[in-house]
Amino acid sequence: MKKSLIFLLFLFVFSSDCYSQFAPSIHNYTLAEYKAGNQNWDVSRADNGKVYVANNSGLLEYDALVWKFYQLPNKTIVRSVLAVDDVVYTGSYEEFGYWKRDGFGVLQYHSLSEKIPNLISPNEEIWEIVSFNGKIIFRSFLNIYIYDFEDVIQLRPSSVIISCSVVDDDLFVSTLNQGVFLLKEKSLEPYYFSERLLDTKIVSITKYNGKLLLMTSLKGSYLLDKGTLMPTDFEINEQIQRHQLNEFSVLENGDMVFGTIKDGVFLTDSDGNSKFHISKENGLFNNTVLSQSIDKTGNLWLGLDNGIANIELNSSNYFFNDVSGKLGSVYDVVNYNGVIYIGTNTGLFWLDDNEKLQFIEGSQGQVWDLEIIENQLFCGHNEGTFIVDKDRFTNISTFTGGYTIKKVPEREHTYIQGTYSGLVKFEKIDDEWQVKHLGKTTVPSRFLVFESPRTAWVAHATKGVYKVVFDNNYDTITSVKNYHNKGIGSDFNIRVYNIKNDISFKSNEGWHKYEPILDSIVPYKLLNDLLGKNSYIISEDDTAMFALKNKAGFIEFKSFDTTRNDFYLNDIFLKNRYIVGYENISKINDSIYALNLDNGFMMINNASISKTKLYQPSIEHVSVSGDSISVKPLKDDTVGFKYKESVTVELSSPQSLNHFFEYTITEGGYKDEHAIWYEMEGNKVEFTNLLDGDYTMSFRTSDNAGNVSTMQSLSVDVYPPWYRDTFGYVLYFLIAVLIIVVFYTLHNKKIAKEQRIIKIKYQREQQKLLREKTLENEKRIVQLKNESLQNEIKLKSKQLANNAMALVKKNETLQDIKKDLMMNKDGFNNYYSYKKLVKKLDNSIVLKDEWEVFENNFSQVHDEFFEALKQKHSKLTPKDLKICAYIKMNLSSKEIAPLMNISVRGVETHRYRLKKKLNLENDISLVDYLLNIKN
């Protein structure tokens, strides 16, 4: 078997019978990680890889990435757990039942004890659950409950029940005082009783070489064959009796695992001989094993009194762990004359025959390098270089800081060492080592390789690389050439190697090599492609396979020989134990390597490394904006949700180890082979702000070594927002129709308005035309009226003139008559009659009444004349106005004189005076002025 082969190999390497200090890989899970109670009473791993733990506070579930916690309805301690198919059975205080996922992927509890409420004893607890013949058996100290998936049956023996063990097709029930019973249908039948087993806790009954092996808590182990009980001769008996056996398991190869109350776990071969002791001393978090379970992969799960542990029993790699802290950080490990020597930052240690650390006095300080030279063990130390022999530590060089030492090619007994202060020569003459500093340079020389017997390359501890040439006797350095800016962009963190006779360099930018023809350093495509730009070699030069440390945290073993299989270490628990920048893998023999770690080292067997398999992730739970949706039909159906809602997807791949999840999202059903994959934090990813449309979410399991699983896909349909959905389109249509109607209505109203405006405009224009026509007509009428009035004025003027002339002629006639009378007054007989007649003539000549009639008529014809004349010349007398009126009528002075009853000369005199009153210049005609006078 593989495990036996590895054990024999280690036995050969270390010449030891018991590996008490060495242990398989142990992964501890603390209370801070699983966030529940400290005590873990039972553990079971389901077929799908999930681990279930019965915890003080409830039920724990672990999918190899995330711990989940579930509580019972009554929030009591869970004492037992068993995962069968997709159902998880648990037992608690006065309660037992099962957990099963609902349609939303959530684990829900279903009580079975409710079916028999009157049969549960007070204060009863279910301590064990086993699967037997298609039934589930629940065991307490008082009763056995059989669940056949329909009913629950109770069986009660008369003694305390200690354990139930399934062997082939039989179920053995061990009691404290009445021996062992067999379960037959629905009853318990006595199988074996012995006085030697009274008050004995039988932890387990298993099949062993055709017999029954009974493991007890404090009395060791027994073989039962045909009714005869005999103690075994197992070497482990003493240990399990002293430390109180609590759990027992058998591996497929026959190896046995003993979990104890006081001192952790013991692993033995099939004969009971110790192989490993795993306890707090070498890495286990707690020594009290409350439960244990072997899963299908051969890994051991432990429920501890404080914590949970997983021990990789199927791994071919083993660890030396020093939890005391005195070992410190390990820098080199070497097997010299069958003894393991360990160089650390605290000094040099070795392992004695019992695999216990022994410190070499005088070695306090930093150990950088351990090398076997000329069959002697050299120790490059902070204080110089020493030769080690068992516990003797002899100084042969005081040049401090021996980083590395290399043999000079083609020259015997001569070696060059890189130290804090440069290069130092070691030469063995007459069995004595002669040491000399080569001078020329004091560069701290961490890396050293030879290009030729007299030429070497040195890398500074932190910065720069140099080419060094020695003289023929290696007594001094003849030249040192700095290759700063000779092809390497950054001088920091340069490592130098001789790979296939090529001087190769690893810098922050990748791999380079020295090109002698150009005397320059150029990129090395072969190593960049083969090893990767971000990897550097951490193994020795003389190994068939070289080890690479990748910045992602894993270590890979490669070879230029294509017949050898590459392998890698990708344990996430190792990442926190690397001595970053000083990782080192030492060759122990052809198939065993030692990897230095913090507080220990790891033994790696390259002969039985298997490739890690990653499993396709399963979709555990999907929620949309916090609301869970059914996960059962997800493989065939599409998850749909509204725009601006978020979808959260929870994944698990419990059978994968040291993994993480990646996702990519593409539109529609299109799968892009060159899509960018994004790493998830934990096992959940939330997608927000997705635009509406169809998407395909693809998920895969990955690890730091670049391995990936097959993809798991989920189709998602993001519904468009209401404004891009049917409702929105209908609304848009209605709005468009409304807009068209409104536009049409407004357009019609506009047209009507414009028509109305045009009509009004036309009407106004017509009215304007009519008004203009009317005005024109009115003007014409006015003109005609004016003409008529003018004619009437002319007529009246003529009439006035005629009247005036008539008056003039009348006055002339009267005056003539008066003259005649006066001339013939003597002819009158009556003088009184004469006077009366003359008086009448004088009254007729004055014509006061006629003037008033004349003035009235004149005013009607020339109504504005007097008003204008009076406004401008307010001092005119009535007589002046009369003369002005006569002049206005265009009467001559001669014609005016009779009217005024004055002489013509009196009229001329009056006209002259009137011109002065009117302030008229001499050149202005009085007639023209009066004819044209206006307001």
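### Side note on the overall build of the chain
- Counting its secondary structure elements, the chain contains twelve helices and 66 strands.
- Principal-axis analysis of the C-alpha atoms places the extent of the chain at approximately 220 × 95 × 45 Å.
- A sequence separation of at least 24 residues applies to 49% of the contacts in the chain between residues at least 6 apart.
- When the accessible surface of the chain is split by element, carbon and sulfur atoms take 49% of a total near 46800 Å².

### Section: the packing of aromatic side chains
- All chains considered together, the criterion is met by 47 aromatic pairs.
- Relative to Y483, the ring of W457 has its centre 4.8 Å away and its plane inclined at 55 degrees; by these criteria the two rings are tilted. Placement of W457 in strand β44 (residues 455-460) and of Y483 in the loop between β46 (477-482) and β47 (495-499) is noted, with a sequence separation of 26 residues between them. Each member of the pair, W457 together with Y483, is buried.
- Aromatic rings pair up to connect Y29, Y34, Y62, W67 and W301 into one cluster.
- The side chain of R724 reaches across the aromatic face of Y643, ending 5.6 Å from its centre.

### Concerning helix α11 (residues 904-917)
- For α11, which comprises 14 residues, the first-to-last C-alpha distance of 20 Å matches the rise-based estimate of 20 Å (1.5 Å per residue) to within 8%.
- Where α11 is concerned, the buried positions are V907, H910, R911, L914 and K915. Down the axis of α11, the smallest arc covering the buried residues is 140 degrees, so these residues share one side. In α11, the exposed residues that point more than 90 degrees away from the buried face are R905, Y912 and R913.
- N919 sits one or two residues past α11 and shows a positive phi near 55 degrees.

### Remarks on a nonpolar patch on the surface
- A surface patch of nonpolar side chains, about 890 Å² in accessible area, is lined by W722, Y723, F727, Y729, Y732, I735, I739 and F743.
- Within the secondary structure, I739 sits in helix α5 (residues 726-823).
- Exposure remark for I739: the relative accessible area of 52% places this residue in the exposed category.

### A short note on the sheet that holds strand β31 (residues 330-336)
- Ordered in space as β31-β32-β33-β34, the four strands form an open sheet in which the pairing is antiparallel. The open sheet has two free edges, formed respectively by β31 and β34 (357-359), since each of these has just one partner strand. When strand polarity is set aside, the average angle formed by the axes of neighbouring strands in this sheet is 25 degrees.
- With six bridges connecting them, β31 and strand β32 (residues 339-344) associate as antiparallel partners. For Y336, the partnering residue across the bridge sits in β32 and is V339.

### Regarding the packing of helix α10 (residues 893-900) against α11
- It is at 8 Å that the axes of α10 and α11 come closest, and there the two elements cross at 100 degrees. Classified by the angle between their axes, α10 and α11 sit roughly perpendicular to one another. For the pair α10 and α11, contact is made by S893, K894, I896 and A897 and by V904, V907, E908 and R911, respectively.
- Within the contact of α10 with α11, the residues separate by chemical class into four nonpolar, one polar and three charged.

### Some remarks on the confidence of the model for the chain
- A residue-level look at the chain finds 92% of positions with pLDDT of 70 or above and a mean pLDDT of 86.
- Predicted confidence for residues 1-20 stays below pLDDT 50, and this span has 52 contacts to residues more than four positions away or in other chains.

### Digging into the side chain of S140
- Turning to its location among the elements, S140 is positioned in strand β12 (residues 135-140).
- By relative accessible area, which is 0% here, S140 ends up buried.
- Engagement of the side chain of S140 in a polar contact is seen with the side chain of E124, the distance being 2.4 Å.
- Polar side-chain contacts of S140 include one of 2.9 Å to the backbone nitrogen of N143.
- Non-local contacts of S140, meaning those with residues more than four positions away in its chain, are made with E124, E125, I126, W127 and I161.

### What about the pairing of strand β42 (residues 432-437)?
- The pairing of strand β41 (residues 422-429) with β42 spans six bridges and is classified as antiparallel. Residue K428 lies in a different strand from β42, and its bridge partner there is W433.
- Between β41 and β42, which follow one another and run antiparallel, lie two residues, and D430 among them has a positive phi close to 55 degrees.

### Remarks on the packing of helix α9 (residues 878-888) against α11
- It is the contact of α9 with α11, at a shortest axis distance of 11 Å, that shows an interaxial angle of 100 degrees. Classified by the angle their axes make, α9 and α11 are roughly perpendicular. Contacts between α9 and α11 involve K879, D880, I883, C884 and I887 from the former and H910, R911, L914 and K917 from the latter.
- In terms of residue class, the contact of α9 with α11 is built from four nonpolar, one polar and four charged.

### A closer look at the pattern of salt bridges
- For the structure shown, the criterion picks out 24 salt bridges.
- Between R242 and E238 there is a salt bridge; the shortest N-O distance is 3.4 Å. With a gap of four residues between them, R242 and E238 both fall in helix α3 (residues 237-243), about one helical turn apart.
- Accessibility expressed as a relative area gives 41% for R242, which makes it partly exposed.

### Description of the pairing of strand β33 (residues 348-351)
- Neither face of β33 is exposed, since L348 and W350 on one face and F349 and L351 on the opposite face are all buried.
- Sheet topology places β32 next to β33; three bridges connect them, and they run antiparallel. Residue pairing for β33: G343 is matched across the bridge by L348.
- Here β32 folds back onto β33 in antiparallel fashion, the turn holding three residues, of which G347 has a positive phi close to 140 degrees.
- Across three bridges, the pairing between β33 and β34 is antiparallel. Counterpart to W350 in the pairing with β34 is Q358.
- The antiparallel pairing of β33 with β34 creates a hairpin that spans five residues between the two strands, and E355 there sits at a positive phi of about 60 degrees.

What counts and what doesn't
- Residues numbered from 1 in each chain as written.
- Predicted model: local features only at pLDDT ≥ 70, side-chain atom pairs only at ≥ 80, totals over all residues.
- Heavy atoms only, no water.
- Helix = DSSP H or I, 4+ residues; strand = E, 2+ residues; numbered from the N terminus.
- Contact = heavy atoms within 4.5 Å.
- Areas by Shrake-Rupley, 256 points an atom, 1.4 Å probe, with all protein chains shown as cover.
- Phe/Tyr/Trp six-rings, centres within 6.5 Å; stacked < 30°, edge-to-face > 60°.
- Buried < 20%, exposed > 50% of the residue type's maximum accessible area, 1.4 Å probe, protein only.
- Lys NZ or Arg CZ within 6 Å of the ring centre and 35° of its normal.
- Expected span 1.5 Å × (residues − 1).
- Arc of directions from axis to C-beta.
- Patch = residues over 30% accessible without salt bridge, like charges linked within 9 Å, V, L, I, M, F, W, Y side chains within 5 Å.
- Salt bridge = Lys/Arg side-chain N within 4 Å of Asp/Glu carboxyl O.
- Pairing = 2+ DSSP bridges.
- Axes fitted to C-alpha atoms, helices over the stretch in contact; angles between N-to-C directions.
- Parallel < 35°, antiparallel > 145°, perpendicular 65-115°, else oblique.
- Nonpolar A, V, L, I, M, F, W, Y, C, P; charged D, E, K, R; others polar.
- pLDDT = per-residue confidence, 0-100.
- Polar contact = N/O pair within 3.5 Å; in protein donor to acceptor, adjacent residues only side chain to side chain.

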